Amino acid sequence: MTETNTNKDLNHADSVKLQAGAMSIGRAGDNDLHIADTTVSSYHARIFTYLDASYIEDLGSTNGTYLNGKRIQKHTLHPGDVIKVGKHELEISPNG
C-alpha cells in the first residue's frame, strides 16, 4: 500500500503517496501532511513505511488517532483502513 486518500469533507479528497520513511501528520506547518484544523494536534500522528509495510503511531494527540473506529496508539496499516485524526479521515488505498 502506497497511497492514502484524505477526506476533508464529503466532496473533496486528496491523495498522498506513502514513501519509505516517516510521514508526520498534524496542524503545525512543518508536518508532511498539514491539516489546518483545531481538532488536529500540532503533531498528531506519524506513519512509518518500511519495504511494503506501513504503520501508524499516535504522538500523544489530544483527540486521539482512530483506525477503523477504534482508538489506537500504534497499528499496522492495510488497504481499506480508515484513519481518523480530528474531523478528518484518511483512507489507505492499494498501490495503483
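Definitions and cut-offs
- Residues numbered from 1 in each chain as written.
- Predicted model: local features only at pLDDT ≥ 70, side-chain atom pairs only at ≥ 80, totals over all residues.
- Heavy atoms only, no water.
- Helix = DSSP H or I, 4+ residues; strand = E, 2+ residues; numbered from the N terminus.
- Polar contact = N/O pair within 3.5 Å; in protein donor to acceptor, adjacent residues only side chain to side chain.
- Pairing = 2+ DSSP bridges.
- Salt bridge = Lys/Arg side-chain N within 4 Å of Asp/Glu carboxyl O.

Visitor: Just checking my understanding: could you explain the side chain of His 88 for this structure?
Guide: By the secondary structure assignment, His 88 is in strand E11 (residues 88-93). One polar contact links His 88 to Asp 37, side chain to side chain, over a distance of 2.8 Å.

Visitor: It is not clear to me how the sheet that holds strand E4 (residues 33-34) should be interpreted in this structure. Could you clarify?
Guide: Two strands in a sheet stick together by hydrogen bonds in their backbones, pointing the same way (parallel) or opposite ways (antiparallel). With mixed pairing, the 5 strands of this open sheet are ordered in space as E4-E3-E5-E6-E9. The strands lining the two open edges of the sheet, one partner per strand, are E4 and strand E9 (74-77). In terms of strand pairing, strand E3 (residues 21-26) meets E4 through 2 bridges, oriented parallel. Looking at the pairing, Gly 26 lines up with His 34 of E4.

Visitor: How should I be thinking about the pattern of salt bridges in this particular structure?
Guide: If the charged atoms of two oppositely charged side chains come close together, the side chains can form a pair. Summed over all chains, the structure comprises 1 salt bridge. For Lys 74, the salt bridge identified is with Glu 57, shortest N-O distance 4.0 Å. Separated by 17 residues along the polypeptide, Lys 74 in strand E9 and Glu 57 in strand E6 (residues 53-58) bring together distant segments of the chain.

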